[in-house]
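Observations on the three-dimensional arrangement
Each chain, written out:
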Amino acid sequence: MNLEQLGWSDRYACSFRSYYDQGFAVGRVAVEHRNSYLLYTEQGEQLAAVSGKLRHQTTGIQDFPAVGDWVVIQSSSIDHRATIHAILPRKSKFSRNVAGSTTEEQVIAANVDTVFLVSGLDGDLNPRRIERYLILALESGASPVIVLNKVDLCLHVERRLAEIEAIAIGVPVIALSATQKQGMDALQSYLQAGKTIALLGSSGVGKSTIANQLNSEPLQTVQAVRRRDDRGRHTTTHRQLILLPSGALMIDTPGMREIQVWSGAEGLTETFPEIETLAQQCHFRDCQHQQEPGCAIQQALADGHLDQGRFLNYQKLQRELYYLARKQDQRATLAEKERWKKIHKSLRNHPKYRE
């Protein structure tokens, strides 16, 4: 396969030029394992590991290669394995805070052009979860498309479509049934040669079924969802980059039970534009939108022009992002202190310093 088939562009070529002059090659991360990576290169598939120098330069898991990344490599003539020396600047990255109580960025996918945010219409449709996904997608730099799967199991499709279109202002919303091959043609315009799409959503929404249909042959074993709550087990167990028959590339991801945002100031504004506009119309600039006189948001809630659940979710996400920003600042301060501690320690061990 050539690099253009993998999504190579002038943007990456410009960043790679200095490495090319040094004799390095380039590859794209297809699968991320615990301590190794499967790469797509001009020479075919190659296993690779991160160099000691790159590993030493990292400050967290976000600095390691992710699926979709373009990496600078050097291949061994002995075992045909490659060593990753650098990651080329990312055009986009879909990040979340790692699951649990730790504050650390996890890059789910990199260099994605379009994100398919998949939800099921079989009883598990959650507008508040879609709003959270939208923030992550808009913050990533990729273009979001909401895909509502399982229309064959929904009695009120038009009503559900209108409900989601009302909260996803300006974002394309596509309804389909992957199992029945109904409405799949609506995705074709995004499957252009060399472009990368990513499938994201909770377990059981049908991502793997959609992936199988887009690939024209089975990639994943599809598991049935539980009837009692319309949830499914993880069918996809790891992220992978797949070259589709259309020439597009697809990153399929495991279902995410926890969707903790990592950053989202701009994404929050783009996801809730009407709330941001109303806030500017409040009488007081520092209005908390509670009992203050002249509050445009409270007036819109009273008039029914603003949904109460949507506003409460906006406030919840706003608080979450504020708290996360404070934790990130604290973590950055500690990391900087640790970095200088290492520098001073290395200086103390230097012969000139001991003299």
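Conventions we followed
- Residues numbered from 1 in each chain as written.
- Predicted model: local features only at pLDDT ≥ 70, side-chain atom pairs only at ≥ 80, totals over all residues.
- Heavy atoms only, no water.
- Helix = DSSP H or I, 4+ residues; strand = E, 2+ residues; numbered from the N terminus.
- Buried < 20%, exposed > 50% of the residue type's maximum accessible area, 1.4 Å probe, protein only.
- Contact = heavy atoms within 4.5 Å.
- Areas by Shrake-Rupley, 256 points an atom, 1.4 Å probe, with all protein chains shown as cover.
- Arc of directions from axis to C-beta.
- Phe/Tyr/Trp six-rings, centres within 6.5 Å; stacked < 30°, edge-to-face > 60°.
- Salt bridge = Lys/Arg side-chain N within 4 Å of Asp/Glu carboxyl O.
- Axes fitted to C-alpha atoms, helices over the stretch in contact; angles between N-to-C directions.
- Parallel < 35°, antiparallel > 145°, perpendicular 65-115°, else oblique.
- Left-handed = near helix turned anticlockwise from the far one by under 90°.
- Nonpolar A, V, L, I, M, F, W, Y, C, P; charged D, E, K, R; others polar.
- Right-handed = clockwise from strand over helix to strand, strands pointing away.
- Polar contact = N/O pair within 3.5 Å; in protein donor to acceptor, adjacent residues only side chain to side chain.

1. So, the overall build of the chain
When you go through the chain residue by residue, the secondary structure sums to ten helices and 13 strands. Residues classed as buried in the chain amount to 49% of the 355 residues present. The long-range fraction of contacts in the chain, counting pairs at least 24 apart against all pairs at least 6 apart in sequence, stands at 67%. Here the chain displays about 19100 Å² of accessible surface, and carbon together with sulfur accounts for 48% of that area.

2. With respect to helix α4 (residues 157–167)
Each α-helix winds once per 3.6 residues, and so residues spaced three or four apart point in a common direction. Residues of α4 that are buried: L161, I164 and I167. Buried residues of α4 fall within an arc of 135° about the axis and therefore sit on the same side. Facing away from the buried side of α4, by more than 90 degrees, are the exposed residues E158, R159 and A166.

3. A short note on the packing of aromatic side chains
Applying the stated rule across the entire model yields ten aromatic pairs. Seen in terms of ring centroids, F16 and Y19 are 6.5 Å apart; in terms of plane orientation they differ by 25°. Their pairing is stacked. With F16 and Y19 both in helix α1 (residues 10–21), this residue pair falls three residues apart, about one helical turn. An angle of 85° between the planes, with centres 5.8 Å apart, marks the rings of F116 and Y190 as edge-to-face. Of this pair, F116 sits in strand β8 (residues 114–120) while Y190 sits in the loop between β10 (173–175) and β11 (196–200); the two residues are 74 residues apart in sequence, bridging distant segments of the chain. A relative accessible area of 22% places Y190 in the partly exposed class.

4. Some points on the pattern of salt bridges
When their charged atoms lie close together, side chains carrying opposite charge are able to pair. For the structure shown, the criterion picks out eight salt bridges. Notably, a salt bridge pairs D122 with K150, separated by 3.0 Å at the nearest N-O pair. Of this pair, D122 sits in the loop between β8 and α3 (127–140) while K150 sits in the loop between β9 (143–149) and α4, placing them 28 residues apart in sequence. Per residue, the accessibility class of D122 equals that of K150, and both read buried. With its nearest N and O atoms 3.9 Å apart, the salt bridge here joins R128 to D307. Of this pair, R128 sits in helix α3 while D307 is found in the loop between α8 (296–303) and α9 (308–348), placing the two residues 179 residues apart along the sequence. Taken together, the shared-partner salt bridges in this structure form one network comprising R128, E131, E274, D307 and R310.

5. Thoughts on the packing of α3 against α4
Running from N to C, α3 and α4 cross one another at 40°; their axes reach a closest spacing of 10 Å. When the axis of α3 is compared with that of α4, the two are oblique. Considering only the axes of α3 and α4, their crossing is right-handed. Contact with α3, carried on its side by P127, R128, I130, E131 and L134, involves E163, I164 and I167 of α4 and no other residues of that element. When the residues that make up the contact of α3 with α4 are grouped by side-chain class, the tally is five nonpolar, no polar and three charged.

6. Observations regarding the pairing of β9
Along any regular strand the residues' side chains alternate between the sheet's two faces. Most of β9 sits out of view: six of its seven residues are buried. One crossover worth recording links β8 to the parallel β9 by way of α3, and it is right-handed. Where the polypeptide runs from β9 across α4 and back to β10, its parallel neighbour, the crossover connection is right-handed.

7. Description of α8
Looking only at α8, the buried set comprises A296, I297, A300 and L301. Buried residues along α8 cover an arc of 140° about the axis, so they all sit on one side. Phi turns positive, to about 85°, at G304, one or two residues after α8.

8. Digging into the side chain of S92
Residue position: S92 is located in the loop between β5 (82–87) and β6 (93–97). A polar contact is formed between the side chain of S92 and the backbone oxygen of V112, at a distance of 2.7 Å. Contact partners of S92, with chain neighbours within four places excluded, come to A109, A110, N111, V112, S140, G141 and A142.

9. Quick word on the environment of F272
Assignment of secondary structure puts F272 in the loop between α6 (265–271) and α7 (273–279). Taking relative accessible area as the criterion, F272 reaches 0% and is therefore assigned buried. Setting aside anything within four residues of it in sequence, one finds F272 in contact with E131, I135, R310, N313, Y314 and L317.

10. Notes on unusual backbone geometry
Here the phi dihedral of K150 falls at roughly 70°; this positive angle occurs in a residue that is not glycine. With a phi angle near 55°, K181 is a residue other than glycine that sits in the positive phi range. Its location among the elements puts K181 in the loop between β10 and β11. Accessibility expressed as a relative area gives 62% for K181, which makes it exposed.

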